[in-house]
Amino acid sequence: MSDDAPFPPKTPDPDHDYPQAGLERMIMPSPIAFVGSDQPNPEMPLLARMGPGHVFMMGDNPALPRMPKQPKLLDFFRLRFGDITFTHLLTSAKRALDEGHDEKIVLACLLHDIANGCLIRVDHGYWGAQLIAPYVSEEVAWAVEKHQALRYFADESVGYAYPESYVKFFGPGYDPPEYIHKEAEAARTHRWYMSARLITLYDIYFFDKADPIDPQIFEDVIGRHFKQPEEGLGFDGSPTAHMWRTMIWPNNFL
Ligand SMILES: [Fe+2]
Ligand SMILES: [Fe+2]
């Protein structure tokens, strides 16, 4: 390496390549990340630090990979989703694909836990369904919403048992709230029941034995069944564009 080659290699300079140049950009966590937890409420201490040189972050965070200007679905998988969601969604969709299911089922499996990727866990089926509703068929969004409730209830006729993982997550004998019972009951008699039920059949965690899967293998299925907006997800003015922008800039103050 010559003497004038940059070492370490050039990384984005937070003072010049990112917004709010020269200022310390503080991150105020969203209330849902700390309310009720043992994390103290950071609002007062952070507001007290505000002043010349200290502002709250708005725009690209140098700690995150930069998103393209017109982000597509797989950009969120690659650049925003956590490892567990990334692997879980790809594994679930790959199993549905390998077992010869319809492309709409493959897509539903690929998207079923999308809210957990970088947005919110609570009621994730509903958030996920809303995120994708403008871009997929009504059936796919419905299936994503209903998989949340159906996960708690066995269906012997298709070989779906109450998940072992839920016994570990929630403890033995956990009974979900009334709205989940009602949703699952209603879903069972719906004409799209099997679409949601199939999501639950492939909704298995493979923490140890997951082989890496290239998200690119789903490019064609996405192309045929997910209407990617030309302006990019987050910038097309759809009713859920703000939810995609929240994943692009999860640390924005407002
Ligand atoms: Fe789920
Ligand atoms: Fe899942």
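Thresholds applied
Residues numbered from 1 in each chain as written. Chains lettered and ligands numbered in written order. Predicted model: local features only at pLDDT ≥ 70, side-chain atom pairs only at ≥ 80, totals over all residues. Heavy atoms only, no water. Salt bridge = Lys/Arg side-chain N within 4 Å of Asp/Glu carboxyl O. Helix = DSSP H or I, 4+ residues; strand = E, 2+ residues; numbered from the N terminus. Buried < 20%, exposed > 50% of the residue type's maximum accessible area, 1.4 Å probe, protein only. Donors = N, O, S within 2.8 Å, 3.2 Å for Na, K, Ca; no water. Contact = heavy atoms within 4.5 Å. Polar contact = N/O pair within 3.5 Å; in protein donor to acceptor, adjacent residues only side chain to side chain. Tetrahedral: all angles 85-135°; square planar, octahedral: opposite > 155°, others 65-115°. Phe/Tyr/Trp six-rings, centres within 6.5 Å; stacked < 30°, edge-to-face > 60°. Lys NZ or Arg CZ within 6 Å of the ring centre and 35° of its normal. pLDDT = per-residue confidence, 0-100.

> Describe the pattern of salt bridges, with residues and values.
Pairing is possible between side chains of opposite charge, provided their charged atoms come close. All chains considered together, the criterion is met by nine salt bridges. Close ionic contact of Arg 224 with Glu 103 constitutes a salt bridge, the shortest N to O distance being 2.7 Å. In this pair, Arg 224 sits in helix H11 (residues 219–225) while Glu 103 sits in helix H4 (residues 103–111), placing the two residues 121 residues apart along the sequence. Taking the relative accessible area as the measure of exposure, Arg 224 reaches 53% and is therefore exposed. Across the salt bridge formed by Glu 183 and Lys 146, the nearest N and O atoms sit 3.1 Å from each other. Here Glu 183 is found in helix H9 (residues 178–188), whereas its partner Lys 146 is found in helix H7 (residues 138–150), with 37 residues between them in sequence.

> So what's going on with the coordination of the iron ion (ligand 1)? Which residues, and what values?
Protein coordination at the iron ion (ligand 1): the donors are Asp 113 (OD), His 124 (NE2) and His 147 (NE2), at 2.1 to 2.2 Å from the metal. Mapping the donors of the iron ion (ligand 1) onto the primary sequence yields the spacing D-x10-H-x22-H.

> Account for the environment of Tyr 160, with residues named and values stated.
For Tyr 160, the location among the structural elements is in the loop between H7 and helix H8 (164–170). Classification of Tyr 160 as buried rests on a relative accessible area of 4%. Here Tyr 160 is in contact with Leu 150, Arg 151, Phe 153, Ala 154, Asp 155, Arg 197, Thr 200 and Leu 201, once residues within four sequence places are set aside. Reaching out from Tyr 160, the side chain makes a polar contact with the backbone oxygen of Arg 151 at a distance of 2.7 Å.

> Got a sec to walk through the coordination of the iron ion (ligand 2)? Specific residues and values, please.
In this structure, His 88 (NE2), His 112 (NE2), Asp 113 (OD) and Asp 203 (OD) serve as the protein donors to the iron ion (ligand 2), at separations of 2.0 to 2.2 Å. Geometry at the iron ion (ligand 2) is irregular, judged from the four donor atoms that bind it and their angles of 82 to 172 degrees at the metal. Distance-wise, the iron ion (ligand 1) is placed 3.6 Å from the iron ion (ligand 2), both being coordinated by Asp 113. Placement of His 88 in helix H3 (residues 83–98) and of His 112 in the loop between H4 and helix H5 (114–118) is noted, with a sequence separation of 24 residues between them. A relative accessible area of 5% places His 88 in the buried class.

> Which residues make up the environment of Pro 177, and what values do they have?
Within the fold, Pro 177 resides in the loop between H8 and H9. Separated by 28 residues in sequence, Pro 177 and Ala 149 place their C-alpha atoms 9.8 Å apart.

> Report on the packing of aromatic side chains, specifying residues and quantitative values.
Each aromatic ring pair is specified by the distance between its two centres and by the angle formed by the two planes. Counting across every chain of the model gives 15 aromatic pairs. Judged by centre distance (6.1 Å) and plane angle (70 degrees), the rings of Trp 142 and Trp 192 are edge-to-face. Of this pair, Trp 142 sits in helix H7 while Trp 192 sits in the loop between H9 and helix H10 (193–201), and the two are 50 residues apart along the sequence. Between Phe 170 and Tyr 174 the ring centres are 5.2 Å apart and the planes differ by 40 degrees, which places this aromatic pair in the tilted class. Here the aromatic cluster, defined as three or more aromatic residues joined through ring pairs, consists of Tyr 152, Tyr 162, Tyr 166, Phe 169, Phe 170 and Tyr 174. Its guanidinium or amino end placed over the ring of Tyr 18, Arg 66 lies 4.3 Å from that ring's centre, counting from NZ or CZ. Lying across the ring of Trp 192, Arg 191 places its NZ or CZ 4.4 Å from the centre.

> How would you summarise the confidence of the model for the chain if you had to cite specific residues and measurements?
For the chain, the average pLDDT comes to 93, and 92% of its residues sit at 70 or higher. Low pLDDT (under 50) marks residues 1–6, which in the prediction has one contact with non-local residues, meaning those over four places away or in another chain.

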